[in-house]
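Breakdown of the fold
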Amino acid sequence: MVSDAQLKLQRLCECTVAMPTWFCARSLFDGLDGFCEAGPGAPEDLEFFYRHLRAGGSLAKVPEPLVMYRYHEQQQSRGVSAEAIWALRIAELELSFLPRIQSFSIW
């Protein structure tokens, strides 16, 4: 099982936390101005997730299943392009990680 600390470290992975499986207090959601309203094709859940973490938000994993996630062809996330997700991940990397390190290697 992934630890709470590993969840935060893995924020640039393919799917750290599936959007319909996480929850937060309404006050936290409203305090971050909710979801981005850019329209269809926008990864609004991932963008909110990154804002939450940058604002000092925490993550925790509940050890037992609470919901069942169903995947189907008509869901909105099918309309989000890989390019939009990668652009958001790169922006998060540039904003949250690169300013804190002196150098890094890609191999």
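Our structure's up above, just so we're on the same page.
None of the values given here were measured: they were computed from a predicted structure.

To continue, consider the packing of aromatic side chains. Under the criterion given, the structure shown has 4 aromatic pairs. On the numbers, 5.3 Å between centres and 80° between planes, the contact of Phe29 with Phe35 is edge-to-face. Ring centres of Phe29 and Phe48 lie 5.2 Å apart, and the angle between their planes is 45°; this geometry places the pair in the tilted category. Note that Phe29 is positioned in helix H2 (residues 26-31) and Phe48 in helix H3 (residues 44-54), a separation of 19 residues in sequence. Taken together, Phe29, Phe35 and Phe48 form an aromatic cluster joined through their ring pairs.

Next up on the list: the pattern of salt bridges. Throughout the structure, instances matching the rule amount to 3 salt bridges. In this structure, Arg51 engages Glu47 in a salt bridge whose closest nitrogen and oxygen atoms are separated by 2.8 Å. Placement of both Arg51 and Glu47 in helix H3 is noted, with a separation of 4 residues, approximately one turn of the helix. Classification of Glu47 as partly exposed rests on a relative accessible area of 21%.

Here we take up unusual backbone geometry. Residues other than glycine seldom take positive phi values, yet Asp33 does so here, at roughly 65°. With respect to the secondary-structure elements, Asp33 resides in the loop between H2 and H3.

Cut-offs and rules
- Residues numbered from 1 in each chain as written.
- Predicted model: local features only at pLDDT ≥ 70, side-chain atom pairs only at ≥ 80, totals over all residues.
- Heavy atoms only, no water.
- Phe/Tyr/Trp six-rings, centres within 6.5 Å; stacked < 30°, edge-to-face > 60°.
- Helix = DSSP H or I, 4+ residues; strand = E, 2+ residues; numbered from the N terminus.
- Salt bridge = Lys/Arg side-chain N within 4 Å of Asp/Glu carboxyl O.
- Buried < 20%, exposed > 50% of the residue type's maximum accessible area, 1.4 Å probe, protein only.

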